[in-house]
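Notes for the structure review
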Amino acid sequence: MKAIRRFTVRPVLPDPLRPLSDLARNLRWSWHAETRDLFQAVDPERWAASGGDPVRLLGSVPPARLEELAVDRRFLRRLAAAEGDLHDYLTGDRWYQTQSDELPAAVAYFSPEFGVTAALPQYSGGLGILAGDHLKAASDLGVPLIGVGLLYRHGYFRQTLSRDGWQQEHYPVLDPHELPVALLKEADGTPAQVSLALPGGKSLHARIWLAQVGRVPLLMLDSDVEENDLGERGVTDRLYGGGSEHRLLQEMLLGIGGVRAVRTYCRLTGHPEPEVFHTNEGHAGFLGLERIAELCAEGLEFDSALEAVRAGTVFTTHTPVPAGIDRFDRELVARHFGPGAELPGIDVERVLRLGTESYPGGEPNLFNMAVMGLRLAQRANGVSLLHGQVSRGMFAGLWPGFDAEEVPITSVTNGVHAPTWVAPEVFRLGARQIGSQRTEDALTVGGSQRWDAVADIPDQDIWELRRSLREQLVMEVRQRLRASWRQRGAGTAELGWIDGVLDPDVLTIGFARRVPSYKRLTLMLRDRDRLTELLLHPERPVQVVVAGKAHPADDGGKRLIQELVRFADDPRVRHRIVFLPDYGMAMAQKLYTGCDVWLNNPLRPLEACGTSGMKAALNGCLNLSVRDGWWDEWFDPDFGWEIPTADGVGTDPDRRDDIEAAALYDLLEKRVTPRFYERGPRGLPDRWIEMVRQTLSRLGPKVLAGRMVREYVERLYVPAAHAHRTMGPDAARALAEWKTRVRAAWPGVAVDHVETSASTATAELGTTLGLRVRVALGALGPDDVEVQAVSGRVDEEDRIADATAVPLKPVGAPDQEGRWVYEGPLSLDRTGPFGYTVRILPAHPLLASGAEPGLVAVPSEELVEAAGLLMR
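First, a word on scope: everything that follows refers to the structure included in this document. Model, not experiment: these values are computed from the prediction. Residues take numbers from 1 onward in each chain, read along the sequence in its written order. In keeping with the model being predicted, local features are shown solely for residues with a pLDDT of at least 70 and side-chain atom pairs are shown and tallied solely at 80 or more, while totals for entire chains, interfaces and linings include all residues. In computing side-chain values, all of the structure's heavy atoms are included and hydrogens and water are not.

Moving on to helix α5 (residues 63-70). Among all positions in α5, only Leu66, Leu69 and Ala70 are buried. Relative to the axis of α5, the buried residues are bounded by an arc of 105° and lie together on one face. The contact criterion used is simple: two residues touch if any of their non-hydrogen atoms lie within 4.5 Å. Comment: elements are numbered from the N terminus, with helices defined as DSSP H or I runs of at least four residues and strands as E runs of at least two. Residues of α5 that are buried sit in contact with α2 (33-42) and α6 (73-91). Whether a residue is buried, partly exposed or exposed follows from its accessible area with a 1.4 Å probe, protein chains only, as a fraction of its type maximum: under 20%, in between, or over 50%, in that order. Each direction from the helix axis to a C-beta atom contributes to the arc, which is the arc of those directions.

A few words on the sheet that holds strand β22 (residues 768-776). Spatially, β21-β22-β26-β25 is the arrangement adopted by the four strands of the open sheet, whose pairing is antiparallel. The two strands at the open ends of the sheet, each matched to only one other strand, are β21 (750-756) and β25 (809-811). The average undirected angle you get between the axes of adjacent strands in this sheet is 30°. For two strands to count as paired, DSSP must find a minimum of two bridges between them. Pairing of β21 with β22, which is carried by six bridges, proceeds in the antiparallel orientation. Residue Glu755 lies in a different strand from β22, and its bridge partner there is Arg772. Every angle, taken between N-to-C directions, lies between 0 and 180 degrees, and every axis is a line fitted to C-alpha atoms, over only the stretch in contact when it is a helix.

Met524, Leu591, Leu624 and Trp688 are the most contacted members of the largest nonpolar core, which has 105 residues in total. Setting aside anything within four residues of it in sequence, one finds Leu591 in contact with Leu473, Ala512, Val545, Ala547, Tyr583 and Trp598. Think of a nonpolar core as a cluster: buried Ala, Val, Leu, Ile, Met, Phe, Trp, Tyr and Cys residues, connected wherever their side-chain atoms sit within 4.5 Å.

What you see with strand β6 (residues 193-197) is a clean split: Val194 and Leu196 sit on the buried side and Gln193, Ser195 and Ala197 on the side with no burial. In this structure, β6 lies alongside strand β7 (residues 203-213), joined through five bridges in antiparallel fashion. Looking across to β7, one finds that Ser195 is bridged to His205. Between β6 and the antiparallel strand that follows it, β7, lie five residues; Gly200 among them carries a positive phi value of about 80°.

A few words now on the pattern of salt bridges. The working definition used for a salt bridge is a side-chain nitrogen of Lys or Arg within 4 Å of a carboxyl oxygen of Asp or Glu. If you walk through the whole model with that rule in mind, you get 69 salt bridges. Of the charged contacts in the structure, one is a salt bridge between Arg725 and Glu275, with a shortest N-O distance of 2.8 Å. In this pair, Arg725 sits in helix α27 (residues 705-726) while Glu275 sits in the loop between α9 (244-269) and β9 (276-280), placing the two residues 450 residues apart along the sequence. Residue Arg725 is classed as partly exposed on the basis of its relative accessible area, which comes to 37%. Taking relative accessible area as the criterion, Glu275 reaches 12% and is therefore assigned buried. The partner of Lys739 in a salt bridge is Glu852, and the shortest N-O contact between them spans 3.2 Å. Of this pair, Lys739 sits in helix α28 (residues 729-745) while Glu852 sits in the loop between β27 (834-842) and α29 (861-867), placing them 113 residues apart in sequence. Where salt bridges share partners, they join Asp459, Arg682, Asp686, Glu690 and Arg693 into one cluster.

Turning our eyes to something else, we now look at the packing of α9 against helix α10 (residues 287-297). One can describe the packing of α9 onto α10 by two numbers: an axis separation of 7 Å at closest approach and a directional angle of 55°. Put simply, α9 runs oblique to α10. The handedness of the crossing between α9 and α10 comes out as right-handed. Taking contact as the criterion, the partners of Gly255, Ile256, Val259, Arg260 and Arg263 in α9 are, on α10, Leu287, Glu290, Arg291 and Glu294. Any residue outside Ala, Val, Leu, Ile, Met, Phe, Trp, Tyr, Cys, Pro, Asp, Glu, Lys and Arg is labelled polar, Gly included; the first ten of those are nonpolar and the last four are charged. A breakdown of the residues in the contact of α9 with α10 according to their chemical character gives three nonpolar, one polar and five charged. Oblique is the label for every angle not falling under 35 degrees (roughly parallel), over 145 degrees (roughly antiparallel), or within 65 to 115 degrees (roughly perpendicular). Crossing handedness follows the turn of the near helix against the far one: under a right angle anticlockwise gives a left-handed crossing, and clockwise gives a right-handed one.

Here's what the structure looks like:
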């Protein structure tokens, strides 16, 4: 029979065990080994059955066992130590508290998904895992962050395989009462709510669930409440589910509702109000509109409010391709804003203009969430050096007249939260070498000096560690493979072969990620005979563990999975290559630690960062990857291999895949496997162990989320907080009025005449020329602009590369025609073809960069020809 109603019955813990509840409700247990060990000691079998989830564990332990533990003095001592340790962690000073007083009082961090722990499945892939690592690293560093997301009642899908290897999706219902979250409540005990106005007089209501991620609160909005109609209740049903309007409502709830949730949380708890709002990808971009509406309600005009909001906003883009950005039909967006809908006090046209693709090649009928995110943020970044470069080119149309390298999008390369992803055995090896506290500091705060001790770890210890982790992976793979085959319909009698799958002494390659086509899951199958030879080599075999999910609507990705599964099902090779379904955090933590080589072969430059190889590296796994994302930045042959890319072979993707697959096979045959299997005088693979050591000591400090969050604080959050404090109502009005005046007057700004003291077209290195420039400023004055000399090497088409800009100074008053004269030195600081030009930019002390307004005046072509602006 089926129940007509469902309850969650919580255990009543005996008084001595009450601290267990606090330890279970703070997700720090997910990265704190001692706390997990304590929960395992409660009931090892039920701990395993709960998937390592303390909330589920405590809900299943029999009262008799709890009474037993309540008088177990040894257990109670461990419990008191864990409780004290958590208290010290939550209240003591961390890195942030030792910095200057100029830091933001709080930062709100918005993301559509958060991968904090497998016990809270609110993530689909890299974006969510990155967001979870950001929160955890912020907690470790003491950064006063507030995370903001949605609570999806089905999360992302669970993946199984059909008998013929086709991906099947399942959406289990998540009961928030069974998750490590709690409702945010008003002072009278009623659940706190936020509401959005919908067209037709309807409303979208949402409750706020709170997950405590160490020191960081994570607020998650849930529309499955009784006050909503059936359609509105389903807004937060699935991560990345539904059609356009469904996605739009999710993103409005995340952005607009999220700001309201932050205000509610700060009101109820006394948490400082955020000075900085960080938009992790465009999905949360509407948060800027809500903040504009708040300021308009206080009496500011739209343009002034826009300047105030931009000052304190940081926008991070994660996609290197336009297809990865959410875009909505303008009419759909228009219907949800303005009178009779949300933000009625803001002119709908102003809303639409923020997301308009008003650049060559843009679609004027589409509303672009990333474009809006960039227009609402004074500071923006990509997630690796290469991705920053790609992003500047991708969005250059928003800053016409500027070279791509001057587009105001910087880079903060992603990192990963080491305590989450490092195997306990790796931590213990470090603790044995330098002590637990120094090891913890090395994994959280970072700093290369803390990692230097890796050099002193004996080779034998490193090799034994790697074999132990590989052996654990082999056991995990067999267990998961057996479960997968049973789901595919196989009987126990058919599965005896699984006991021989993988070998703890064979070189193990890992490949696990989402399965869009550009990540090329099946590149390794390009020449199946060569792959088979590698797998079955009599002296130097390899084994491969593959995992990944295709988006439910991506049949192309599903076909790739099926192709790989069918190859892995072949009895000749199935003991050497496996595909594991339902890739998630719990599986990933075993994969990253147990593999010897992490394979990554995307189409360059389509991987924005790609952090899976970072997690593997922290466990002594070597990277074998295309030079994309973070590997392009930090690759070194001392600790890994690069797969050459066939960028220059035209656009034929088949030809490119053939060339790059052949390069992959060559690397494996000639360099990777020989190094793993060759033995030195002591019977150890000395050169391989040295590469592991280099990976840990040199890559380790770089790939940390602690390093990443420190960079965000120092390079983006602190400047944004300063700008926010400076941009009071009067300053915002003044800046908005100045921008309006400058835009209106800009057609009258021009470079009129350029002359130099050079008499020939050649000069010696170190020479300084005198520049004299006459400019028309129209209705503007010298205080409104900066006139610059821009110089550098030039290519065959006279384009300046590695440009240096030097401001010139006005001389005297305007002449009778209203022209101003600017002068300054031009230093010839490099040899070879050299060129310069001059330009005029708007200048104001409250601008983050000269490119911010997107206005520039440069010499006309006639003036360039007349002036002879090139020195060769």
